[in-house]
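Coordinate inspection notes
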Amino acid sequence: MTLLILGHLIVFFMSMGHDEIVAELVEDGWLIGQYAERFEIVIGFVLFLCWSALTLRLFTVLQRARASSGLCPACDEAKR
């Protein structure tokens, strides 16, 4: 659970500064300047996919915890 929350924080902070990351990569010569906007879109999309995967995994972990704790009688009946 802690790693999932940490992953969310890392992806959040990277998404806040992904345009600066691309600007630094262009300045250092890692990326071509005329394609900087495209790289920003690609990096933003990849970060969105990472955020989605982390969120789905968090929901599955919480669902399993709720089902195994006995807090949800309907979940216990569904297992039977």
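To keep things clear, this report deals only with the structure shown in the data block. Numbers given for residues are sequential positions, taken from 1 along each chain in its written order. With pLDDT at 70 or above as the cut-off, local features in this predicted model cover only qualifying residues; side-chain atom pairs require 80 or more to be listed or tallied, and sums for whole chains, interfaces and linings still use all residues. Values shown for side chains rest on all heavy atoms present in the structure; no hydrogens or waters enter the calculation.

Another aspect to go through is the overall build of the protein. A run of DSSP states H or I qualifies as a helix once it reaches four residues; a run of E qualifies as a strand once it reaches two. Both are numbered from the N-terminal end. The number of helices and strands found in the protein is four helices and zero strands. From first element to last, N terminus to C terminus, the protein shows the α and β order α-α-α-α. Counting only residues that meet the buried cut, the protein has 19% of its 80 residues in that class. Within the protein, contacts between residues separated by at least 24 positions form 51% of all contacts whose residues are at least 6 apart in sequence. The Shrake-Rupley method, run with a 1.4 Å probe sphere, supplies the accessible areas, and residue values consider only the shown protein chains as cover. In the form shown here, the protein has an accessible surface area of approximately 6400 Å², with 69% of it arising from carbon and sulfur atoms. Exposure is judged per residue with a 1.4 Å probe applied to protein chains only, and the accessible area is read against the type maximum: over 50% gives exposed, under 20% gives buried, and values in between give partly exposed. We call two residues in contact when some of their heavy atoms are within 4.5 Å.

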